[in-house]
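Residue-level structure breakdown
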Amino acid sequence: MVMNNLYAVGPLNVKVSGTDKIVSLLKEEFSNSNFEGVADLEICVHENKVDAYKPTHFSGKGNMNFNANEFHVDINPFYYYEVSNAFNDGVMKVNIFLKRAGFAREAFRFLKSVLSVEYGSRAAYVKGEIASYSLLWSVVALCLLKNGHSFIHAGVLARNDKAIVLSGTGGCGKTSTVLNLLSNEGFQYLSEDFGIVSSEKAAYPCMKTVSLYRSDVDHGDPAAVNAVKALATSKKVRWDFLTKVIKANPIIKASPKSLTKLAIPSERVPLVYGIHLSRQDIASFELKEISVQEYAQRSANASGRELKPLSEILKLIAANSPKEYAVWSDGDLMQKLQDMYVNSFSGATTYELTVPYQSGPKEVCAFLLDKLAI
């Protein structure tokens, strides 16, 4: 059965079609949409190879090739994909072709599913491989930049129609801070991990599922605890077994709606604060206002780290393409991110928050609520 559905990712209109098992799982990452007209991004999942694509240039030891309008990537044992119109004004299209992995990879996938909450079926595992920065979120990031918006590696909340962006590299405490702030009155969820900002000086909601670990739940944040309670029965049984019997630190993919009691805004919210988090071996919190340019540079580096798979592809294309090809390099990507952040946060107040390495999320939130008018 082939499914054909219309969705949204922040400001982008997305059309998703193809193999029903994968598409039905992918829809968990999007907002519903009934847009009319042409999509900004079209994604199609195929069971079989379609022979329309013809490469002209080859690189990446045979795993990657491209022509003037498309590129092909084959680095995952469960799928390969082709992207067209990534660097021109046409509708960006992604064709994902499923494939059967070898015995060793399938065995590894099976063992991983036994020891996980989310990957109870092969389809769920493959969906997880697709809905990652190796494919889906790198493609969405590219499409956002084409359309006057940008991905930012951040947690984003709204309060009193004001957006607060908490950016930083992995491990700085963005997720736990977002979860803890949600337990305070008036905070609304906008996004976690995959923030979306725009030249309209606003942040958009993003329904990308949120990765939560046992350690997040152990902090006692009501949002994380509620996410576990909202698990389907089969997933809850696996969660209890892995956390209570094996004492593992499994991951769950939580729906943003399970994290908050307040409605998630459906429209963009004006940007008021950009706060870049980092952790150091210091005795107390340090908060200092920084220029929008410094904030943009720091945040672009944090976002670029998440987009490493996309950066590698752009490096291969730029290193091997003719001069007449209108393609982006890795340097172009980083500059576009930085320029977009400067534009997006030009009306906001931007800070660097340095957090003592051992401080927990409740301490971080208490400090922010005390020092900033949010």
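Up top is the structure.
This section reports on the structure supplied with the text.

Reading the values: rules and limits
- Residues numbered from 1 in each chain as written.
- Predicted model: local features only at pLDDT ≥ 70, side-chain atom pairs only at ≥ 80, totals over all residues.
- Heavy atoms only, no water.
- Buried < 20%, exposed > 50% of the residue type's maximum accessible area, 1.4 Å probe, protein only.
- Helix = DSSP H or I, 4+ residues; strand = E, 2+ residues; numbered from the N terminus.
- Pairing = 2+ DSSP bridges.
- Salt bridge = Lys/Arg side-chain N within 4 Å of Asp/Glu carboxyl O.
- Axes fitted to C-alpha atoms, helices over the stretch in contact; angles between N-to-C directions.
- Parallel < 35°, antiparallel > 145°, perpendicular 65-115°, else oblique.
- Left-handed = near helix turned anticlockwise from the far one by under 90°.
- Contact = heavy atoms within 4.5 Å.
- Nonpolar A, V, L, I, M, F, W, Y, C, P; charged D, E, K, R; others polar.
- Core = buried A, V, L, I, M, F, W, Y, C linked by side-chain atoms within 4.5 Å.

Another point: the pairing of strand 2 (residues 12-19). Extensive coverage of strand 2 is indicated by the burial of 6 of its 8 residues. Note: strand 2 against strand 4 (residues 41-46), 5 bridges, orientation parallel. Within strand 4, the position partnered with Val16 by the bridge is Ile43.

Attention now moves to the pattern of salt bridges. Proximity of charged atoms lets side chains of opposite charge pair with each other. Tallied over the entire structure, the rule returns 18 salt bridges. Residue Arg109 pairs with Glu106 through a salt bridge whose shortest N-O separation is 3.3 Å. A residue pair is termed a helical-turn pair when its members lie 3 or 4 positions apart in one helix, as Arg109 and Glu106 do in helix 2 (residues 103-114) at 3 residues. Comparing Arg109 with Glu106 shows no difference in burial state: the two are buried.

A few words on the packing of helix 9 (residues 292-306) against helix 11 (residues 330-344). Axis separation between helix 9 and helix 11 bottoms out at 8 Å; the angle between their running directions is 140°. Of the possible angle classes, the one that applies to helix 9 and helix 11 is oblique. In the crossing of helix 9 with helix 11, the sense of the turn from one axis to the other is right-handed. Side by side, helix 9 and helix 11 meet where Val292, Gln293, Ala296, Gln297, Ser299, Ala300, Asn301, Ser303 and Gly304 of the first sit next to Met334, Leu337, Gln338, Tyr341 and Val342 of the second. Looking at the contact of helix 9 with helix 11, its residues break down into 7 nonpolar, 7 polar and no charged.

Core analysis: the largest hydrophobic core is formed by 78 residues, its most contacted members being Phe71, Tyr81, Phe194 and Phe345. Looking at this core element by element, the count peaks at 9 residues for helix 4 (residues 136-146). Residues within four places of Phe345 in sequence aside, it is in contact with Ile152, Val165, Val197, Leu271, Tyr273, Gly274, Val292, Tyr295 and Thr350. Within the second largest apolar cluster, 39 residues are counted, among which are Leu157, Leu212, Ile252 and Cys365.

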